[in-house]
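Chain and residue survey
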Amino acid sequence: MARCLVTGGAGFIGSHLTERLLELGHEVIVLDNLSTGRRANLSHLEGHAKLTVRTGSITDPVLLAETTVGIDVIYHLAAAVGVKLVADDPVRTIETNIYPTEVLLRSAAQAKQRVFLASTSEVYGKNPKERWTEEEDLHFGPTTRPRWAYGCSKAIDEFLALAYHRKFDLPVVIGRFFNVVGPRQVGHYGMVIPRFVEQALNGGPIVVYDDGEQVRCFAHVREVVDAIIRLVDSPTAQGGVFNIGSDAPVSIRGLAAEIIKRIDPKISIEFLPYHDAYGEDFEDVRRRVPDISKLERTIHYKPSMTLGEILDDIIRWKRAQRQSD
Ligand code: UDP
């Protein structure tokens, strides 16, 4: 059994990862500043003998140094996330996502700790290819558009992690998440599924940005978490970059239709231009579909839940949550 540190462990993906690691019998220390993470995400695990939750920021180097002592595996998920938050606060994005990662990687290399670095499909930017392998070029827009600060900050994290792997043999695995969804995800930071489900449960309309022909692939957080743990446990994954997610594409208009079908066929769709949703400087990514064959080859596993199954699970959770509020 390992002693694991999950930075961002009170966040959406982090809390599912924490839960799964505890189920597997590991000890887990969560470090989270509860900015986008929420204590409620871990409330069902409160009092668990193998869980310690520390409230504080990864931008505090003393706290970070203290928290990493005696750890075997670091899952580094703490970051400024969400297109809306990142567009609204690029300074916080850059400060949270770059320097603390460097501090963490350096100390992990010295202490010989294994690391999982959470990255994002945003690093591909607006690469026009149909499907992205991990070797694809990164196509960022201009620095005057704050959206690209997020992908760029994570790309720097990846460069750092790979450099520490080459130079100091740091056992690190990088995972690029593609639209991870599921229970506990909230809509305030812009994520589309919780927003659409909430709008539909309120009787509509569902607000689709632009023409709704933009394409995404949605993966259930439970399957993503299993992939993360297998990657960290796989010796051949060390030093590698992996797309993690589903490779089944759907348009945002198609997604809205699936949700409407499940909740109430009378709900209407409204279309809102990007500049009204995110402000003048915003640029969206039209299509985002991963090639996940490297993940499959390496860990013999890939997320396989259908969009329908994923939506059913989220709607069930959301209904239960609204009843208990
Ligand atoms: N989107 C939308 N309505 C919303 C929120 C998002 O139509 O209320 C669109 C958004 O423009 C994007 C897609 O849904 O094209 C996915 O958005 P999200 O922020 O969830 O993920 P990302 O853009 O990072 O892939």
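Each remark here, short or long, concerns the structure printed above.
Since this is a predicted model, take the numbers as computed values, not measurements. (Residues numbered from 1 in each chain as written. Predicted model: local features only at pLDDT ≥ 70, side-chain atom pairs only at ≥ 80, totals over all residues. Heavy atoms only, no water.)

**Some points on the overall build of the chain**
Our working rule: Strands here mean DSSP runs of E at least two residues long; helices mean DSSP runs of H or I at least four residues long; both are numbered from the N terminus. Note on method: radius of gyration uses C-alpha positions; expected globular size equals 2.2 Å times residues raised to 0.38. Pairs of residues are marked as contacts when any of their non-hydrogen atoms sit within 4.5 Å. Accessible areas in this description were obtained via Shrake-Rupley with a 1.4 Å probe; residue shielding takes into account the shown protein chains only. Only four residue types enter the charge count: Lys and Arg as positive, Asp and Glu as negative, with His and the chain ends excluded. To locate a charge, the coordinates of NZ of Lys, CZ of Arg, CG of Asp or CD of Glu are taken.
For the chain, the count of helices and strands is 12 helices and 13 strands. Since a compact globule built from 325 residues should have a radius of gyration of about 20 Å, the 19 Å found for the chain is in line with a globular shape. Overall, the C-alpha framework of the chain stretches about 60 × 45 × 40 Å when taken along its three principal axes. When contacts within the chain are restricted to residue pairs at least 6 apart in sequence, those whose partners lie at least 24 apart make up 79%. When the accessible surface of the chain is summed, it comes to about 14100 Å², and 52% of that surface belongs to carbon and sulfur atoms. Between the averaged position of the 39 positive side-chain charges in the chain and that of its 43 negative side-chain charges there is a distance of 2 Å.

**Quick notes on the pattern of salt bridges**
Put simply, the test is: What counts as a salt bridge is simple: a side-chain nitrogen of Lys or Arg found within 4 Å of a carboxyl oxygen of Asp or Glu.
With the rule as written, the count across this model stands at 27 salt bridges. Put simply, Asp313 and Arg222 hold a salt bridge, and the shortest N to O gap is 3.7 Å. Placement of Asp313 in helix α12 (residues 307-324) and of Arg222 in helix α8 (residues 221-233) is noted, with a sequence separation of 91 residues between them. What you see here is one network of salt bridges that share partners, running through Glu122, Arg147, Arg216, Asp284 and Arg288.

**Remarks on the sheet that holds strand β11 (residues 241-244)**
The condition that has to hold: Pairing between strands requires that DSSP locate at least two bridges from one strand to the other. Comment: axis = line fitted to C-alpha atoms, over the contacting stretch for helices; angle = value between 0 and 180 degrees taken between N-to-C directions.
Ordered in space as β3-β2-β1-β4-β5-β6-β11, the seven strands form an open sheet in which the pairing is parallel. Because the sheet does not close on itself, it has two edges, and the strands there are β3 (51-55) and β11. Across the sheet, the axes of successive neighbouring strands diverge by a mean angle of 20°, strand direction being ignored. Note that strand β2 (residues 27-32) and β3 share five bridges and pair parallel. Each bridged residue has a counterpart across the sheet, and for Val28 the counterpart in β3 is Leu51. Sitting on the sheet, helix α1 (residues 12-23) is in contact with β1 (3-7), β2, β3, β4 (73-76) and β6 (172-177), with an inclination near 170° to β1. Here helix α2 (residues 61-68) sits on the sheet in contact with β1, β2, β3 and β4, set at roughly 175° to β2.

**Some points on the side chain of Arg288**
Selection rule: Think of it in three bands: residues with accessible area under 20% of the maximum for their type are buried, residues over 50% are exposed, and the middle band is partly exposed, with areas taken using a 1.4 Å probe on protein chains only. Polar contacts, as counted here, are pairs of nitrogen or oxygen atoms within 3.5 Å of one another; within protein the pair requires one atom able to donate a hydrogen and one able to accept it, and residues that are adjacent in sequence qualify only if both atoms are side-chain atoms.
Among the secondary structure elements, Arg288 is positioned in the loop between α10 (274-278) and α11 (293-299). The class of Arg288 is buried, set by a relative accessible area of 5%. A distance of 2.9 Å separates a polar atom in the side chain of Arg288 from a polar atom in the side chain of Glu122.

**A few points about the nonpolar core**
Rule in force here: Residues belong to one nonpolar core when they are buried, are Ala, Val, Leu, Ile, Met, Phe, Trp, Tyr or Cys, and are joined through side-chain atoms within 4.5 Å.
In this structure, Ile13, Leu17, Tyr75, Phe116, Phe177, Ile228 and Ile244 are the most contacted members of the largest nonpolar core, which totals 37 residues. Per element, the largest residue contribution to this core is eight residues, and it comes from α8. If we ignore the near neighbours within four places in the chain, the residues touching Ile13 are Leu77, Phe177, Val180, Val221, Val225 and Ile228. Grouped together as the second largest cluster of nonpolar side chains are 24 residues, Ile29, Leu170, Ile174 and Val241 included.

**With respect to the site of the ligand**
Going by this rule: Only a single heavy atom is needed: when it lies within 4 Å of a molecule or strand, its residue is near that molecule or strand. As a working rule, the residues Ala, Val, Leu, Ile, Met, Phe, Trp, Tyr, Cys and Pro are called nonpolar, Asp, Glu, Lys and Arg charged, and the rest polar, with Gly in that last group.
Taken together, 18 residues are adjacent to the ligand, and Val192, Tyr209, Arg216, Asp284 and Arg288 come closest. Asn179 is positioned with one of its side-chain polar atoms (N or O) 3.0 Å from an oxygen atom of the ligand. In the model, an oxygen atom of the ligand is placed 2.6 Å from a nitrogen or oxygen of the Arg288 side chain. For the shell around the ligand, the elements supplying multiple residues, two or more each, are α7 (192-201), β8 (206-209) and α10. The residue inventory of the shell around the ligand, partitioned by class, reads 10 nonpolar, three polar and five charged.

**As for unusual backbone geometry**
Backbone torsion omega between Gly204 and Pro205 reads -5°, so that peptide bond is classified as cis. The residue Pro205 is located in the loop between α7 and β8 in this model. Its identity is not glycine, yet Asp169 carries a phi of approximately 65°, on the positive side. Here Asp169 lies in the loop between α6 (147-168) and β6. Notably, Asp210 is not glycine yet its phi reads approximately 60°, a positive angle.

Take it as geometry only, folks, not as evidence of what the structure does.
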